[in-house]
Amino acid sequence: MPLSKLKFRPGINRDRTDLSQMGGWYDGNLIRFRDGYPEKIGGWQAATITPYVGEAVKLYVYSIDTGAQIAGLGTTKKIYIRVGTLLYDITPIRVTYTTSTTPSTDNCFTTNTTAGTEGQVLVTLAGNGATTGDYVTFSGAATTRGITAAQLNLEFEVTVIDANTFTIETAGTATSAGTGGGTGITAAFQINIGVDTSVGGYGWGAGTWARGTWGSGTTTPVVTNLRLIFMDNFNNDLIFNLNDGGVIYYWDYSAGYSVRAVTLSSLTGAIAVPGAVEKTLFSPSGHLLALGASAYSETSTAGATINSITSSSTTATVTTATPHGLATNDWVYLSGQTTVMYSGTYQITVTATTTFTYTLLASTTSPAATPGAYQAISYTGGAFDPMLIRWADVNADIGPKPEVWKPELANTAGFLFVKEGSKIITGANVRQETLIWTDTSLSALQFLGTAEAFALQLLSSDTNIMGANAYASVNNNMYWMGTDNFFIYDGRVNVLKCPLLRYVFEDINREQSDLVYGGTNKEFNEVIWFYCSGGAAPSTVINRYIVYNYRDDIWYYGQLNRTTWVDAGINTNPLATSGGYIYSHEDGPNDGQPLGASPVAMDSYIQSAFMDIDEGEHYMVTKRVIPDVDFTASETSNPVTGATLVPAVDMAVAVTKFPGAATQTTDVGGTTLTRNVTTATGTIDQYTNQVFIRARGRQMNFKISSDTLGTQWQLGDARVDAKPDGLRG
């Protein structure tokens, strides 16, 4: 019988049985299809040196005005700026205590001499608000009972004992037990950490710490959501927020990489910034959007009696009869002054307990003849509404003003409500509009350019999205993973036909849907989603991915832990995060390791569905396979050790008598047993002409795999020498 080409349909199909998928591919890992032929995906290299802390949940790459590339990196514990191979910690400070605050930091350290814990220090600061795993940085501390100042004036991860005390682990050894540290201590607490996975239920570990008696469960179901972080850039600067009613933060590039981010509301000129948001992003029109936000609120409180108002040029100084209780960047409304140029709404700078200043619209040196009165204005009273969209101003002359959120006739700040659904899940820009997903609908937020600024158009009242990052945009189309389907928006909402629906949605950990992360790999026409598998032992970390090739309309999948993904563009290669490091993908043929360690081989393979001869009526016997494998882009030497490498793949042919036969099984003693399947394997390198593989059965499948360093392969048209061999087994 003449040789037969092994031709298979591109893509993997798992929604049919192995035999009914005859002529196609049925299983694979770390592979893709190029022009219909399978090949191993490219490898990766570690792109950072210092490991990040926590699980990465956001990687956002952008270029600054010099053309240089930087990136924001958000984890469940920290916020970083990535520059080259380095990470800079810009995590915001939640609160700072000193000798003059309540609580005071004076001699807040307590040492002990218990064997094995001599370096542990108890810190007492009443009502400090820390949770176990939070980070605090001490400065100004003096040597305390054998533990040096240098060993105390560092950043520490805390272990909470109760609401007033926590411990830190120093590198020192206490020589005696007691309190100390001096009266010059500053304790700067970073924002509370988040959780790495979503936790739900009644049991221990669900909900807040110390909610009831020790060891008790919750009395009502509690869900602690995974911390998510959303980022966008404003020119060179970075704006980000935490989910679940988090605060908006701002990092100023010009201040340097050693300066931490601050709240957006603390910036000069900031007014009515939402105190709680779900997600922020800039719309195509330049407006900073808050999807899910605290409502706009303005309340006034009568201020202290004004004794006098004086001025020097454009700076007015107000002196009050009693302490005013204001803070820098608060807003006040002054009225009844003579001259009236002192009146109006102003943001202030506190200079003392009974004085504050503000900037006049015009210069004057004449004091106010009549000091009038003032009211303190608060914009923080609005309740969080999960269906509210707010946006900041865009000035027609100077452009976006992300710090200005107060709606006025003279600006374009405003708000509106989404009607379909119960909460906004996420949003993303495409086609000069912003898509808004709720738990039951999809709408388009479109810029009008009128006094209303924006309008919402309902696109679908019967769609959903798996998580806040489960989308990806390419070629003006938006793709996303729903809770039971994949979708595309190309001007209309459509369901994507996917031959892997059962494989994905019947084996996905829905409790960790917030971890799902979508991205693109435009070089290979791919949209990719990373997710956690389900099953009897659901994974709480990402361990799988599924790919849609939009050019060829095919699907495939694999196993890989990547918690974020950024396509090539500003960055030369796609970037992704895993295990503390950022990795550069499509970069070599190996699993590159951090810190210069030797790379690890990638275990890639693809396996066909079973095929038969004459509807399985006849047995077939295989004698040999003539391979067609391309090893272009393989490496012949280890990039770290220099050892010689020989690129090679294994080619296997498996035959069986019946479709239900398993490749292998295990008895109660753990012994591996073969059952009705015979597998013959041969190794192929670039010099292999043919592989002699003899096997006999009704059905046959074909597998190519590699698990050696340096191997990059693409399969072509392999040929098999097989012929009918009777009716009996």
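One structure accompanies this document, and this report is about it. (Residues numbered from 1 in each chain as written. Predicted model: local features only at pLDDT ≥ 70, side-chain atom pairs only at ≥ 80, totals over all residues. Heavy atoms only, no water.)

Counting secondary structure elements, the protein chain contains two helices and 66 strands. Taken along the three principal axes of its C-alpha coordinates, the protein chain extends 115 × 70 × 55 Å. With 729 residues in all, the protein chain has 50% of them scored as buried. Put simply, 64% of the contacts in the protein chain that link residues at least 6 apart link residues at least 24 apart. Charge separation in the protein chain, taken as the distance between the mean sites of 43 positive and 62 negative side-chain charges, equals 8 Å. (Helix = DSSP H or I, 4+ residues; strand = E, 2+ residues; numbered from the N terminus. Buried < 20%, exposed > 50% of the residue type's maximum accessible area, 1.4 Å probe, protein only. Contact = heavy atoms within 4.5 Å. Lys, Arg positive; Asp, Glu negative; His and termini not counted. Charge placed at Lys NZ, Arg CZ, Asp CG, Glu CD.)

On to the packing of aromatic side chains. A full pass over the atoms with the stated rule returns 33 aromatic pairs. Centre to centre, the rings of Y253 and Y257 are 6.1 Å apart; their planes meet at 70°, and the pair counts as edge-to-face. Exposure remark for Y257: the relative accessible area of 24% places this residue in the partly exposed category. When the ring of W480 is compared with that of F487, the centres are 5.4 Å apart and the planes differ by 15°; the resulting orientation is stacked. In this structure, W480 and F487 share a single accessibility class: buried. (Phe/Tyr/Trp six-rings, centres within 6.5 Å; stacked < 30°, edge-to-face > 60°.)

Here we take up the sheet that holds strand 42 (residues 442–447). Here four strands make up an open sheet; going across it, the order is 40-41-42-43 and the pairing antiparallel. Each of the sheet's edge strands pairs with one partner strand only, and the pair in question is strand 40 (424–430) and strand 43 (454–460). Within the sheet, the average angular offset between the axes of one strand and its neighbour, ignoring direction, is 25°. Pairing analysis gives six bridges linking strand 40 to strand 41 (residues 433–438), with the strands arranged antiparallel. (Pairing = 2+ DSSP bridges. Axes fitted to C-alpha atoms, helices over the stretch in contact; angles between N-to-C directions.)

Turning our eyes to something else, we now look at the layout of surface pockets. Taken as a whole, the second largest pocket spans an internal volume of roughly 990 Å³. Along the walls of the second largest pocket sit 38 residues, with K58, Y60, N429, Y471 and S473 positioned nearest its centre. At the level of elements, strand 7 (56–63), strand 22 (229–234), strand 26 (277–282), strand 40, strand 44 (471–474), strand 48 (517–521) and strand 52 (564–566) are the ones that each hand at least two residues to the lining of the second largest pocket. Classifying every residue of the lining of the second largest pocket by side-chain character gives 19 nonpolar, 13 polar and six charged. (1 Å grid on protein atoms, 1.4 Å probe; cavity = no way out; pocket = protein on both sides within 12 Å on 5 of 7 lines; lining within 4 Å. Points joined across faces, edges and corners; volume = space filled by probe spheres on them. Nonpolar A, V, L, I, M, F, W, Y, C, P; charged D, E, K, R; others polar.)

Before going further, it helps to examine the pattern of salt bridges. Applying the stated criterion across every chain yields a total of 17 salt bridges. Across the pair K77 and E157 runs a salt bridge, and its minimum N-O distance is 3.8 Å. Of this pair, K77 sits in the loop between strand 8 (69–75) and strand 9 (79–83) while E157 sits in strand 15 (residues 155–157), placing them 80 residues apart in sequence. The class for E157 is partly exposed, based on a relative accessible area of 41%. As a salt-bridge pair, E155 and K78 come within 2.8 Å of each other at their nearest N and O atoms. Here the residue E155 occupies a position in strand 15, and K78 occupies one in the loop between strand 8 and strand 9, the gap between them amounting to 77 residues. We classify E155 as partly exposed; its relative accessible area is 35%. (Salt bridge = Lys/Arg side-chain N within 4 Å of Asp/Glu carboxyl O.)

This next bit is on empty space enclosed by the protein. One pass over the full model with this rule turns up two cavities of 30 Å³ or more. In this structure, the largest cavity occupies an estimated 120 Å³ of space. Lining the largest cavity are 14 residues, and of these R32, I41, E526, I528 and W565 lie nearest its centre. Taken together, the elements giving at least two residues each to the lining of the largest cavity come down to strand 4 (31–34), strand 49 (526–531) and strand 50 (544–549). The element that contributes the greatest number of residues to the lining of the largest cavity is strand 49, accounting for three residues. Of the residues in the lining of the largest cavity, the class split is nine nonpolar, two polar and three charged. Approximately 50 Å³ is the volume found for the second largest cavity. Considering the residues around the second largest cavity, the lining is formed by A56, V57, L226, L228, N469, D514, L515, V516, Y517, I542 and T563. Tallied by class, residues from the lining of the second largest cavity come to eight nonpolar, two polar and one charged.

In this section: the side chain of Q347. Along the chain, Q347 turns up in strand 32 (residues 344–347). Here Q347 falls in the buried class, since its relative accessible area comes to 15%. Looking at Q347, its side chain comes within polar contact range of the main-chain nitrogen of G269, at 2.5 Å. At 3.1 Å, the side chain of Q347 forms a polar contact with the backbone oxygen of N329. Non-local contacts of Q347, meaning those with residues more than four positions away in its chain, are made with L267, T268, G269, A270, N329, D330, W331, T357 and Y358. (Polar contact = N/O pair within 3.5 Å; in protein donor to acceptor, adjacent residues only side chain to side chain.)

This part takes up the nonpolar core. The biggest cluster of nonpolar side chains holds 105 residues, and the ones touching the most others in it are M481, F486, W529 and I546. For this core, the element with the most residues is strand 49, which contributes five residues. (Core = buried A, V, L, I, M, F, W, Y, C linked by side-chain atoms within 4.5 Å.)

Taken together, the side chains of I49, L86 and L595 make up a nonpolar region of the molecular surface, amounting to roughly 280 Å² of accessible area. The residue L595 is located in the loop between strand 54 (581–585) and strand 55 (604–608) in this model. (Patch = residues over 30% accessible without salt bridge, like charges linked within 9 Å, V, L, I, M, F, W, Y side chains within 5 Å. Areas by Shrake-Rupley, 256 points an atom, 1.4 Å probe, with all protein chains shown as cover.)

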